[in-house]
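Each chain is listed here by its residues.
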Amino acid sequence: MNNALSDCTIAGPYKNAAAPFAATAFSLFYQASALGLKVTDSGDQTADGAFSFAFKAPHTKPVNCVITGWSDCVQPDAVSENIIQAACGLMSVHGRSSGTIQPLGLHYVSTVTAALALQGGIAATLGQLRGLALSDSHISMAAAALLSTSQYIADATVVAASENLPPGAAHSTAPPFVSADGVVFELETLNADPWLRFWMQLGVSAALAGKGWTAFLLRYAKAVAPIPAELVSALAKLTYLDIAELCADTGMSICRVRTLEERVDDEHFKSEWLRGPWTFDFAAPHPAMPLKPASDSLPLSGLTVIESCRRIQGPLAGHLLALLGADVIRIEPPGGDPLRGMPPVSEGCSVRFDALNRFKIIREIDIKSPGGQEEITELARHADVFLHNWAPNKAAQLNLDYDDLIRVNPALVYAYAAGWSADGADVHAQSSAMPGTDFMVQAYSGVAQKISQACGTRGGTLFTVLDVLGGIIAAQGITAALLNRQLNRSGARVTSSLLSAATLLCSDDYQNRHRFFGIAAPAKSLLNQVFETGQGKIAIECCDDDTLQRLVQTLGLPADSRHKYSQQLGGLLLSKTATEWVAILQQAAVPAAVVAENLNNLQRDSRLKPHLQPGSYTKVTSPWSFQ
C-alpha cells in the first residue's frame, strides 16, 4: 500500500506553470500522485513571480502553499533553476572537482523545492488538525538551494579557521576513474583497510595509498578529491574486469557509470517509479489511539522523534523535522558521534556536523548492548517517530526493527532512510552488494551519466546531491505518515532511499520516454550557460523563446544567428562587470545572476539574508514560513 494521503487533495496550475516554475510544478505533480493525493489542475496561468497550490485534507481548511524564487514574495528579479544555482553557491560547489563553475545539469533546486513545498503543505494541514490556525505555507527556491548547501556554507564561513581547499591542479584526477578499455567507474569503501590492500596489490606504496585515502575522504567534506596522479595512472593500465576482480579480492566496491537507458531497463524500474520515492506499510487502525495537540506555533511541535543516524541523509531528515517543531532525540554511541570532531571545529564541535544536528537532544546509548536496546525501546514506546539509516538487516539484528517497536507502540511512525531499496526487498542484485553511498548510487542510477552529458565531465558530481535529496524525501515521507496517522489512527513504516531520490531526479527523463503521467515534462532551456565578464562570472538562462528574444533585443544580437549566441555573448559580456550585466538583463526580465564563487559572500546578497544566520559560522535557517 502506498497511498499515504489518498484522503487529501491538491490543486494547482501544473500544466500552465510559468517557465521558471515548470520543473517544480512537474515534480510536485509526480510526488503528489505518488502519495495518492487527488491531483486537480486548476488551469490558471501563474504569474512569473510565484507558483501556488492548495492542499486540503478532511476536516481542514485548504492550506495555500506559495513558491517564489527568492525569500521576499515581492522580489521582482526574474528567476530560473540555474540562476538560483548560481546565486546560492551550488554551481561553485559542483564545479570544485572539475575546476569549472557550471550548472549541475539537473532540475535539482526545482525538485528540492517541490518536495519541501509539499511537505510544508502537509505539515501545516497536520498543524490544523492538532489545533493550530495555519492557512499559509511559503518557501522559496533560494531557501531550498541554501538548505542543500548548508554544510558547505558552514565549512566556508567558520570563524575559527577559514576553508582550506586543496590546490586546483589535481582536478583531472577526481573520481570517477577510467579503465584501460574506456569504462568509467566509481570505487567505494567506508574503511581504510580495503583501500590500502587494493592499492598495495597494484604496487602503490602504503604512503601514497594513504595520501589517496585522505583525498578520497574529501569528497563528502569538501566536494573535491585530488587523488594522486600515480593512483589514477595505475588504474588506467588495467581493464575494468581486472579492476573488478581486484576489488572482489580486497573488499573494495566498484560500480560502472550506467546510462539512464540501462536504469529504465531494470526489471523492477517501472513499478518503482510509479510507486514514487517512498514505501508505506500501515498498521491496523486504532480508533482510540491518543493523539497529541500542538504545543507551540510550529506544526510538529509536541511530537517526539528518535533518530539514530550518521553522515548526511538521516541527520538531515531529523534536522528538517526539528525545524518543523518536533523534539528530536539523537542517539549517539558512548563518547559521542566521531564526526563531531571533523574539521573545521568551532566551539568544540564540527561545524558541518552542527549544521545538521544543532537543534537535537543528544542521548549516548550503546545500541549494541541489550541494555541499550531496551533503553531505545523504552524511548520508542512514548515517541511518535523512530528514524534510522543503519546498514541493511542491522535493525533486525539489534531487535529494533519495525515489528519489534510497533509491538510496544502501535502509533509509531517507523522510518528507514536506506541506501538502495525503498521497499526493503533485495530486488537490486547488483546494487545490494555495494555500499549505498551517494556516489555509488549516482553511478548506478543514471544520475552521474545525466550530469556528465550536461557538463562534459566523466561522471557525476562530488556535491552530495543524493544524500541531501534523500534526507529531504525521508522527512517528507515521515510527515505524510504523521498526517495519515492523524486522519486514520494508524501507525506506519515508511522507507525511502538514495536510489529513490535518484529516480525522482530523473523523473523528467522517464516521463519523456514513457508518458506515464498526463503532464508534460519540463522543456530544456534554450540558453543555459556561465560566462566570464569584465569582472566576475554571470549565469544566464532563457527557459523559453520569449525570454531568448528579450535577451537578443536587449544586447543587440543578430536575430538570425541563434546557433552562435553563446560565442557572441562570450565576447560581448567582457565589456562590463557581472553586476552591471545582471542589472541590465533583469530590467529586461531575463534571468541572470552573478555566480557566487565564494560562499563567504552569500550574506552580502540581500535576497538571501532572510535564510542566513551569522555567528561562529553561517547557519542556514528554516526554509518554511507559516501563517
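Note: the structure precedes this text.
None of the values given here were measured: they were computed from a predicted structure.

Chemist: So what's going on with the side chain of D384? Residues and values would help.
Modeler: Mapped onto the elements of the fold, D384 is located in the loop between α15 (370-381) and β15 (385-388). Side-chain polar atoms of D384 contact the side chain of R485, separated by 2.9 Å. Excluding its chain neighbours within four sequence positions, the residues that come into contact with D384 are K292, G302, L303, T304, A411, L412, V413, L482 and R485.

Chemist: Let's hear about the packing of aromatic side chains: which residues, and what values?
Modeler: Counted by the stated rule, this structure contains 21 aromatic pairs. Here F269 and Y510 contribute two aromatic rings whose centre-to-centre distance is 4.5 Å and whose plane-to-plane angle is 70°, an arrangement assigned as edge-to-face. Of this pair, F269 sits in helix α12 (residues 269-275) while Y510 sits in helix α22 (residues 507-514), placing them 241 residues apart in sequence. The exposure class assigned to F269 is buried, which follows from its relative accessible area of 2%. On the accessibility criterion, Y510 (0% relative accessible area) is buried. Ring geometry for Y402 and Y414: centres 5.9 Å apart, planes at 70°, overall edge-to-face. Here Y402, found in helix α17 (residues 402-408), pairs with Y414, found in strand β16 (residues 413-418); they are twelve residues apart in sequence, far enough to count as distant.

Chemist: Before we move on, could you go through the nonpolar core and cite the residues and values that matter?
Modeler: By size, the foremost hydrophobic cluster in this structure holds 144 residues, and its most contacted members are L5 and Y108. A total of 13 residues in this core trace back to one element, the largest contributor, which is helix α20 (residues 465-488). With residues up to four places along the chain from it excluded, the contact list for Y108 reads E81, L90, S148, F463, T464, V465, V468, L469 and L505. Ranked by size, the runner-up nonpolar core spans 21 residues in total, among them W199, A209, A215 and C247.

Chemist: Run through the pairing of β15, naming residues and quoting values.
Modeler: Side chains V385 and L387 project from β15 onto one buried face, and the interleaved F386 and H388 project onto a second face that is buried too. Sheet topology places β15 next to β16; four bridges connect them, and they run parallel. Bridging from a neighbouring strand, V385 pairs with V413 of β16.

Chemist: So what's going on with the sheet that holds strand β19 (residues 537-542)? Residues and values would help.
Modeler: The strand order β18-β19-β20 describes an open sheet built from three strands, whose pairing is antiparallel. Looking at which strands have only one partner, the edges of the open sheet turn out to be β18 (527-532) and β20 (592-594). Between one strand and the next, the sheet's axes are offset by a mean angle of 15°, whatever the strand orientation. Where β18 lies against β19, six bridges are found, and the strand directions are antiparallel. Along β19, the bridge assignment pairs V530 with A539. The sheet contacts of helix α23 (residues 545-555) involve β18 and β19, and relative to β19 the element is tilted by about 135°.

The rules behind the values
- Residues numbered from 1 in each chain as written.
- Predicted model: local features only at pLDDT ≥ 70, side-chain atom pairs only at ≥ 80, totals over all residues.
- Heavy atoms only, no water.
- Helix = DSSP H or I, 4+ residues; strand = E, 2+ residues; numbered from the N terminus.
- Polar contact = N/O pair within 3.5 Å; in protein donor to acceptor, adjacent residues only side chain to side chain.
- Contact = heavy atoms within 4.5 Å.
- Phe/Tyr/Trp six-rings, centres within 6.5 Å; stacked < 30°, edge-to-face > 60°.
- Buried < 20%, exposed > 50% of the residue type's maximum accessible area, 1.4 Å probe, protein only.
- Core = buried A, V, L, I, M, F, W, Y, C linked by side-chain atoms within 4.5 Å.
- Pairing = 2+ DSSP bridges.
- Axes fitted to C-alpha atoms, helices over the stretch in contact; angles between N-to-C directions.

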